[in-house]
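Per-entry structural report
Spelled out, the chains give:
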Amino acid sequence: MRAYELTENGFSIRIDRNLYAREAVMKALYRFHDKYVISYETDGAFIHVFFETSAKIEPIEHEIAEIMKELSFQMIRLDTARRTRGIRELLVARSLYATCIEPERENPEPDNTDSQSSWRDDQSHIFASWSED
């Protein structure tokens, strides 16, 4: 029994839901959205994906092999993401940890300026660039 069937304007593929996650199927199909009009429907055990195009498709087996290769790649990517989720979360948490710590507060130096003075008294330093210090 073939996993694909020819239709009027293209072909359809039957994908086993026990082997492939819906998320991986959607990501794999996205790669082909510019080449085909893609629709799908589900029944109990399968996802039936319909590929329609106005262009002539010569080697149908080659197209289906490309789609199945992309689907396998997306399943591997999804499985890897699931397996490494904990370590990725730990890495992000550790990298952001330093930004969440408040630095130790030192006692500020006492201000020796006269409380009556204003910013106008020291205006020559206000407009000086930092590199001049």
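Relevant structure appears above.
Residues numbered from 1 in each chain as written. Predicted model: local features only at pLDDT ≥ 70, side-chain atom pairs only at ≥ 80, totals over all residues. Heavy atoms only, no water.

1. Looking at the pairing of strand S4 (residues 46-52)
Side-chain positions along a regular strand alternate between the two faces of the sheet. Selection rule: Exposed residues in this analysis have more than 50% of their type's maximum accessible area, buried residues have under 20%, and partly exposed residues fall in between, with area computed by a 1.4 Å probe over protein chains only. Helical segments are the DSSP runs of H or I of at least four residues, strand segments are the runs of E of at least two, and each set is numbered from the N terminus. What makes two strands pair is DSSP finding at least two bridges between them.
The alternating pattern of S4 places Ile47, Val49 and Phe51 on a buried face, while none of Phe46, His48, Phe50 and Glu52, on the opposite face, is buried. Summarising the sheet, strand S2 (residues 10-16) and S4 pair through seven bridges and their orientation is antiparallel. The residue bridging Arg14 from the neighbouring strand is His48, located in S4. Where strand S3 (residues 37-42) meets S4, six bridges bridge the pair, whose relative direction is antiparallel. Bridge pairing in S4 links Glu41 to His48. The loop that links S3 with its antiparallel partner S4 comprises three residues.

2. A look at the packing of aromatic side chains
Each pair of aromatic rings is reported with the distance of its centres and the angle of its planes. In plain terms, the rule: Only Phe, Tyr and Trp rings are paired, with Trp represented by its six-membered ring, and only when their centres lie within 6.5 Å; those with planes under 30 degrees apart are stacked, over 60 edge-to-face, the remainder tilted. Both a distance and an angle decide whether a charge sits over a ring: NZ of Lys or CZ of Arg must be within 6 Å of the ring centre and within 35 degrees of the ring normal.
Scanning the model with the defined rule gives three aromatic pairs in all. Measuring from centroid to centroid gives 4.9 Å for Phe11 and Phe51, while their planes differ by 20°, and the two rings are stacked. Of the two residues, Phe11 sits in strand S2 while Phe51 sits in strand S4, which places them 40 residues apart along the sequence. Phe51 matches Phe11 in its accessibility class, with the two residues each being buried. Note on Phe51: relative accessible area 1%, which makes it buried. Connected via pairs of aromatic rings, a cluster forms that spans Phe11, Tyr36 and Phe51. A cation over a ring is seen here: Arg14 above Phe46, with NZ or CZ 4.8 Å from the ring centre.

3. Examining the pattern of salt bridges
Note the cut-off: For this analysis, a salt bridge means a side-chain nitrogen from Lys or Arg found within 4 Å of a carboxyl oxygen belonging to Asp or Glu.
Within the structure shown, the criterion is met by five salt bridges. Close ionic contact of Lys35 with Glu63 constitutes a salt bridge, the shortest N to O distance being 2.8 Å. With Lys35 in the loop between helix H1 (22-30) and S3 and Glu63 in helix H2 (residues 60-83), this residue pair connects regions lying 28 residues apart in the sequence. Where Arg85 meets Glu89, a salt bridge forms, and the shortest distance between an N and an O atom there is 2.9 Å.

4. Digging into the nonpolar core
This is how it is decided: Among buried residues, the Ala, Val, Leu, Ile, Met, Phe, Trp, Tyr and Cys ones that are joined through side-chain atoms within 4.5 Å form a nonpolar core. Between two residues, a contact is recorded if the distance between any of their heavy atoms is within 4.5 Å.
Ranked by size, the top nonpolar core spans 21 residues in total, and within it Phe11, Ile13, Ile15, Val25 and Phe51 carry the most contacts. Counting only elements with at least two residues in this core, the list comes to S2, H1, S4 and H2. Ranked by residue count, the leading element in this core is H2, at six residues. In this structure, Phe11 is in contact with Glu5, Leu6, Tyr36, Val49, Phe50, Phe51, Ile57, Ile60, Glu63, Ile64 and Ile67, ignoring residues within four places of it in sequence.

5. Section: H1
What counts here: Relevant arc is that of directions from the helix axis to the C-beta atoms, nothing else.
Every buried residue belonging to H1 is among Ala24, Val25, Ala28 and Leu29, and all of these are buried. Projected down its long axis, H1 carries its buried residues within an arc of 130°, all on one side. Along H1, the residues that are exposed and aim more than 90 degrees away from the buried face are Arg22 and Tyr30. Check the buried side of H1 and you find it contacts S2, S3, S4 and H2.

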